[in-house]
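# Coordinate inspection notes
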Amino acid sequence: MPVRADDLPETAAPVNPSPGQVIIGRFDQRPSYAVHRPRGADSWLFTWTTGGGGLLRQGGTWAPAGPGDLVVLGPGVPQHYMVRPGAGHWAFWWVHCQARPSWTGWLGPYETADRVYAVPPAPDGIRERVDAAFRRMLADARWTGEGTPPAPSTDVEPPEGGGALPAPRTVAPRDEVAVAHGTAATELALCSLEEVVLLTTARAEPRHSGVDPRIRRAQDLIAADPGAPHTVRSLAERVSLSPSRFAHLFTEQLGHSPMRALGHARLLHAARLLEATELPVERVAATSGFASPFHFSRVFRQRYGVPPGEYRRLSRRRPAATATAPPPTTPGPPGR
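The structure reproduced in this document is the subject of the present report. (Residues numbered from 1 in each chain as written. Predicted model: local features only at pLDDT ≥ 70, side-chain atom pairs only at ≥ 80, totals over all residues. Heavy atoms only, no water.)

### Re the packing of helix α5 (residues 213-224) against helix α7 (residues 243-254)
Two measures define how a pair of helices packs: the angle their axes make with one another and the distance between the axes. Where α5 contacts α7, the axes come no closer than 10 Å and their chain directions differ by 90 degrees. For the element pair α5 / α7, the angle class is roughly perpendicular. The residues of α7 that touch α5, namely those facing R214, I215, A218 and Q219, are F246, L249, F250, Q253 and L254. Residue classes in the contact of α5 with α7 are distributed as 6 nonpolar, 2 polar and 1 charged. (Axes fitted to C-alpha atoms, helices over the stretch in contact; angles between N-to-C directions. Helix = DSSP H or I, 4+ residues; strand = E, 2+ residues; numbered from the N terminus. Parallel < 35°, antiparallel > 145°, perpendicular 65-115°, else oblique. Contact = heavy atoms within 4.5 Å. Nonpolar A, V, L, I, M, F, W, Y, C, P; charged D, E, K, R; others polar.)

### Describing helix α11 (residues 308-317)
Among the residues of α11, P308, Y311, R312 and S315 are the ones counted as buried. Projection of α11 onto a plane perpendicular to its axis shows the buried side chains occupying an angular sector of 100 degrees, all on one side. Buried residues along α11 sit in contact with α8 (258-276), α9 (281-287) and α10 (293-304). (Buried < 20%, exposed > 50% of the residue type's maximum accessible area, 1.4 Å probe, protein only. Arc of directions from axis to C-beta.)

### Topic: helix α4 (residues 183-201)
Taking 1.5 Å as the rise per residue, α4 with 19 residues should run 27 Å; its terminal C-alpha atoms sit 27 Å apart, in good agreement. Here α4 has its buried residues at A185, T186, A189, L190, S192, L193, E195, V196, V197, L199, T200 and T201. Among the structural elements, β4 (44-52), β7 (70-73), β9 (90-97), α2 (101-107), β10 (116-119) and α3 (124-141) are those in contact with the buried residues of α4. (Expected span 1.5 Å × (residues − 1).)

### Points about the sheet that holds strand β2 (residues 23-29)
Strands belonging to one sheet form pairs held by backbone hydrogen bonds; the direction of such a pair is parallel or antiparallel. Strand order in this open sheet of 6 strands is β10-β7-β4-β9-β2-β11, and the pairing throughout is antiparallel. The two strands at the open ends of the sheet, each matched to only one other strand, are β10 and β11 (176-179). Each strand axis lies, on average, 15 degrees off the axis of its neighbour in the sheet, ignoring direction. Summarising the sheet, β2 and β9 pair through 7 bridges and their orientation is antiparallel. The partner of Q29 across the bridge, within β9, is W90. Taken strand by strand, α3 contacts β2, β4, β9 and β11, and its axis lies near 55 degrees from that of β9. (Pairing = 2+ DSSP bridges.)

### Some details on the packing of aromatic side chains
According to the stated counting rule, one finds 17 aromatic pairs in the structure shown. Taking the centre distance of 5.7 Å and the plane angle of 90 degrees together, the rings of F46 and W103 count as edge-to-face. Of this pair, F46 sits in strand β4 while W103 sits in helix α2, placing them 57 residues apart in sequence. The class for F46 is buried, based on a relative accessible area of 0%. (Phe/Tyr/Trp six-rings, centres within 6.5 Å; stacked < 30°, edge-to-face > 60°.)

Below, the structure is given as structure tokens:
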């Protein structure tokens, strides 16, 4: 039987939570579950589905929710949500809070209408991280500030007939709700929720239009760890292409070879380290993927016009140093 949120404060938080309040819970609801908020809410609602299915409506916009879906409802619009017809149940985490300003930019590419943000299913590895973040959020919300925060819970099904516990595996969790009290508990919970938003929305970062997804993946691999011993063969294997096909496609679509892209990424990484750390130049070179500090100094000077030590000194004198200035004087060869 449908119910109103005003009548069930334990399920969905007050309609108008006080500023800064963070309320988190997890449910496994049966088909009779439904919540109506005809006046909307002043808080944001974040839902992460782990089993079964839900159906959320805000204004005139509907958003189905299945395992691995993050559905977010912004404040100020009438909302209604329930177990999706035919799903049998809806297991989900939920959080009511005020969203940090940066989150709306990350969620923006997934907005449909009526302040509904529907992020599609995340890969399995991301789901594990997100589930862990919600568990940590629930534990942190209960921290009083004394001692250490409580450990996140782990759902483990006990063996039949007793005996030692088996390897952990997911079972239906009991319903839980926590309200963060105090600055530390509130901020820790929000940090975990920020991790959830980042993990699930990272796929919406700007991309070069028209570039093959496999080439974009190779670009991401290079940018994420330029100091790794990447080769054309190793990158090709990661994106399921032959080395010759990968090298041809990369050069055709981006205008430069994979190894030239790697060399530029390593120099950019080195420039950032010079700006932000006190690492010796030899360590900067090694960390950025250059086997020889002499080769590193030579190609760095070709790229940025000054040797690494001088670049560091000059960057400290600029109000806002960037690794794109000064411009390269001549095209430098890629790092090895």
